[in-house]
There are 2 protein chains.
Amino acid sequence: MATVKRYKKEDLTTYCLGATVSLEYLNIRPKDVTKVYVHSAFYESETKEKIEKICREEGISCETNDKVFQILSQKENCFVIAMIRKYRCELDKEQSHVVLVNPGNAGNAGTIIRSCAGFGVRNIAIIRPGVDFFDPKVIRASMGALSRVNFRYYDSWEEYAETDGAGQRHFYPFMLDGSSLLNETKICKPFSLIMGNEATGLPAMFSGIGQPVRIEHTHAIDSLNLPIATSIGLYEATKGDFS
Amino acid sequence: MATVKRYKKEDLTTYCLGATVSLEYLNIRPKDVTKVYVHSAFYESETKEKIEKICREEGISCETNDKVFQILSQKENCFVIAMIRKYRCELDKEQSHVVLVNPGNAGNAGTIIRSCAGFGVRNIAIIRPGVDFFDPKVIRASMGALSRVNFRYYDSWEEYAETDGAGQRHFYPFMLDGSSLLNETKICKPFSLIMGNEATGLPAMFSGIGQPVRIEHTHAIDSLNLPIATSIGLYEATKGDFS
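Residues numbered from 1 in each chain as written. Chains lettered and ligands numbered in written order. Predicted model: local features only at pLDDT ≥ 70, side-chain atom pairs only at ≥ 80, totals over all residues. Heavy atoms only, no water.

Participant: What am I meant to see in the relation of the copies chain A and chain B here?
Facilitator: Each of the two chain copies can be generated from the other by rotation about an axis followed by a shift along it. Structural alignment of chain A on chain B gives an RMSD of 0.0 Å, achieved by rotating through 180° and translating 0.0 Å along the axis. The operation mapping one copy onto its partner corresponds to a two-fold rotation axis. A high fraction, 100%, of the interface residues of chain A reappear at the interface in chain B, so the copies pair face to face through one surface. (Least-squares fit on C-alpha atoms with pLDDT ≥ 70 in both. Contact = heavy atoms within 4.5 Å.)

As structure tokens, then:
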């Protein structure tokens, strides 16, 4: 039996916790799934059949093994774990991006990834330091939507702007003092929506980049939560694209 | 010393975990704060001074007591706990509402409350069964914004519709198969944005109530996360209100 250990950032593999999350990876990136563990208490269901069918077709080992769950999962409602070989993505330079500058929270990152997939913006740039997108907490919070987006890390804003962010591209940094209201701003494509850290927002220098925008809200709160602000930006920028 | 116990739903008091959250309650509802506990490791800061000042002015006991933190808080970054006497709110029948039908998750409820405060919709109806808004997890996820909204529980949609939801009011149930696109729908005031449970959405009968709306997204995801969908609804419904 392969030794299974709690995730560490330097590992070459990560894992999906939960049947729905695992099924996303099996559907979208089966070649990166190296093994599937199923809990003995996982009841017969359409989901179970789908998982077993893909494993058979793709030659992925599917093992019933309850010990793995004790080591990797604290949640009582997790009955499937898919092991994932970490992979590298390239951003599509022709397409719109979300740029996360120093994102700090795994749950927030996952929620943002899910919204990106939902609004068809499939390229995410992360400016270091930033949360590890391969962290199982991120994958779980994304409901497996991480499998559907390209993501890449950059050491600085400049590195992004000179490489994948170069060319005919429109930058929209989201800032509390952005000079333009989001709902009065025409978002041109391809765009890069640029979001700061949960606690500190974007550094002031971003007010000199592209068209800084703000989402208007009352003074009752300091700021909107990061996934909320990002998703409102995505909603506004992609309105009418899916009709 | 008063005995301090982990929160249970039937308790008459609840608590705020964290300095920022506690300060919100001290600022907005000081009369409902019965006691403040400060950890001995809480450094001198503007926040600490503000908290101590309000406690002095309002005659609230403020005690340094590290044991309370071991009992009530699992987080290492929690240095202030404010005890709150539970209170009853009335919804404002003239104002817009958010109606949560069977909300299941405390973190989501808190995020929704924060967005409601942010977009100036200060009245929230909860149709039972639903998560307990006084749960410390809800208060913490709201960043204390629970203090700024009115909320009330109803045993059924009918009970809400016949009481606080009665009168000249426009209902917008958010449904995956809503007949009108959110961005093409004129949201009239006062409105009630009606949101379903995280896993199951709204019961089908809501398609016969008011103007069901949907937020368009790709097929890459089943649905947007509940706080995201609610916040996009709030954003669209209050656009231009704060300029």
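Now that the structure has been shown, the text picks up again.
Participant: What's the story with the interface of chain A and chain B in this structure? I'm lost.
Facilitator: Reports of interface size often rely on the accessible area that becomes lost once the parts have come together. Contact residues are listed per partner, giving 31 residues for chain A and 31 residues for chain B. Between chain A and chain B, the buried area comes to about 2,700 Å², and carbon and sulfur atoms account for 62% of it. Area buried by chain A at its contact with chain B is led by Arg 114, Glu 216 and Tyr 235 of chain A, which between them contribute 22% of it. Inspection of the region where chain A meets chain B yields two salt bridges. Taken together, the connections running from chain A to chain B amount to 12 residue pairs in polar contact (both at pLDDT 80 or more). Going through the elements one at a time, helix H4 (106–118) and helix H7 (226–238) of chain A are the ones with two or more residues in the side of chain A that touches chain B. The residue makeup of the side of chain A that touches chain B, split by class, is 12 nonpolar, 12 polar and seven charged. (Buried area = accessible area lost by both parts, 1.4 Å probe. Salt bridge = Lys/Arg side-chain N within 4 Å of Asp/Glu carboxyl O. Polar contact = N/O pair within 3.5 Å; in protein donor to acceptor, adjacent residues only side chain to side chain. Helix = DSSP H or I, 4+ residues; strand = E, 2+ residues; numbered from the N terminus. Nonpolar A, V, L, I, M, F, W, Y, C, P; charged D, E, K, R; others polar.)

Participant: Would you explain the sheet that holds strand E1 (residues 13–17) of chain A in this entry?
Facilitator: To summarise the sheet geometry, strands pair through backbone hydrogen bonds and adopt either a parallel or an antiparallel arrangement. All names here are of chain A. The strand order E1-E4-E2-E3 describes an open sheet built from four strands, whose pairing is mixed. The open sheet has two edge strands with one neighbour each: E1 and strand E3 (61–64). Mean inter-strand twist for the sheet, computed between neighbouring axes without regard to direction, equals 20°. Sheet analysis places strand E2 (residues 33–38) next to E3, joined by four bridges and oriented parallel. Looking across to E3, one finds that Val 36 is bridged to Cys 62. (Pairing = 2+ DSSP bridges. Axes fitted to C-alpha atoms, helices over the stretch in contact; angles between N-to-C directions.)

Participant: Whenever I open this one, the environment of Gly 196 of chain A confuses me. Can you help?
Facilitator: Here Gly 196 of chain A is to be found in the loop between strand E10 (191–195) and strand E11 (213–214). In contact with Gly 196 of chain A, not counting residues within four places along its chain, are Val 101, Gly 201, Leu 202 and Leu 226 of chain A.

Participant: Looking at this structure, I do not really get the domain arrangement of chain A. What am I missing?
Facilitator: All names here are of chain A. Looking at chain A, the domain boundaries give domain 1 (13–85) and domain 2 (97–238). Between the C-alpha centres of domain 1 and domain 2 there is a distance of 30 Å. Counting from both sides, the interface comprises 13 residues of domain 1 and, opposite them, 11 residues of domain 2. Across the interface of domain 1 and domain 2, roughly 1,100 Å² is buried in total on both sides, 59% from carbon and sulfur atoms. The largest share of the area that domain 1 buries against domain 2 comes from Thr 14, Glu 24 and Tyr 25, three residues that together contribute 41% of it. (Domains from an automatic or database assignment.)

Participant: Which parts of the structure should I look at to understand the packing of aromatic side chains?
Facilitator: Centre-to-centre distance and the angle between the planes together describe a pair of aromatic rings. All names here are of chain A. One pass over the structure, following the stated rule, counts 28 aromatic pairs over all chains. Pairing Phe 134 with Phe 151 gives two aromatic rings, centres 5.2 Å apart and planes at 70°, and the pair type is edge-to-face. Here the residue Phe 134 occupies a position in the loop between strand E6 (123–127) and helix H5 (136–141), and Phe 151 occupies one in strand E7 (residues 150–154), the gap between them amounting to 17 residues. We note that Phe 134, like Phe 151, is buried. Taken together, the ring pairs connect Tyr 25, Tyr 87, Phe 133, Phe 134, Phe 151 and Tyr 153 into an aromatic cluster. Residue placement shows Arg 29 over the ring face of Tyr 87; its charged tip is 3.5 Å from the ring centre. (Phe/Tyr/Trp six-rings, centres within 6.5 Å; stacked < 30°, edge-to-face > 60°. Buried < 20%, exposed > 50% of the residue type's maximum accessible area, 1.4 Å probe, protein only. Lys NZ or Arg CZ within 6 Å of the ring centre and 35° of its normal.)

Participant: Explain the environment of Met 175 of chain B to me, please; I cannot follow it from the model alone.
Facilitator: Residues and elements named next belong to chain B. Here Met 175 is to be found in the loop between strand E8 (170–173) and strand E9 (180–181). For Met 175, a relative accessible area of 9% gives the class buried. Between the alpha carbons of Met 175 and Ser 207 there is a distance of 7.8 Å; along the sequence they are 32 residues apart. Once residues within four sequence positions are removed from consideration, Met 175 is found in contact with Leu 202, Pro 203, Ala 204, Phe 206, Ser 207, Pro 212, Val 213 and Arg 214.

Participant: Could you clarify how one ought to interpret the packing of helix H1 (residues 19–28) of chain B against helix H2 (residues 46–58) of chain B in this entry?
Facilitator: Two quantities define a packed helix pair, namely the angle between the helix axes and the distance between the axes. All names here are of chain B. In contact at an axis separation of 10 Å, H1 and H2 are set at 35° when each is read in the N-to-C sense. In terms of crossing hand, the pair formed by H1 and H2 is left-handed. Residue-level contacts link Ala 19, Leu 23, Leu 26 and Asn 27 of H1 to Thr 47, Lys 50, Ile 51, Ile 54 and Cys 55 of H2. (Left-handed = near helix turned anticlockwise from the far one by under 90°.)

Participant: I'm lost on the sheet that holds E10 of chain A in this one. Help?
Facilitator: Residues and elements named next belong to chain A. On the basis of which strands lie adjacent, the open sheet formed by five strands has the order E7-E6-E5-E10-E8 and parallel pairing. Pairing within the sheet leaves two strands with one partner each, and these edge strands are E7 and strand E8 (170–173). Across this sheet, the average inter-strand angle for adjacent strands is 20°, counted without regard to direction. Sheet topology places E6 next to E7; five bridges connect them, and they run parallel. Within E7, the position partnered with Ile 126 by the bridge is Tyr 153. Here H7 sits on the sheet in contact with strand E5 (97–101) and E10, set at roughly 165° to E10.

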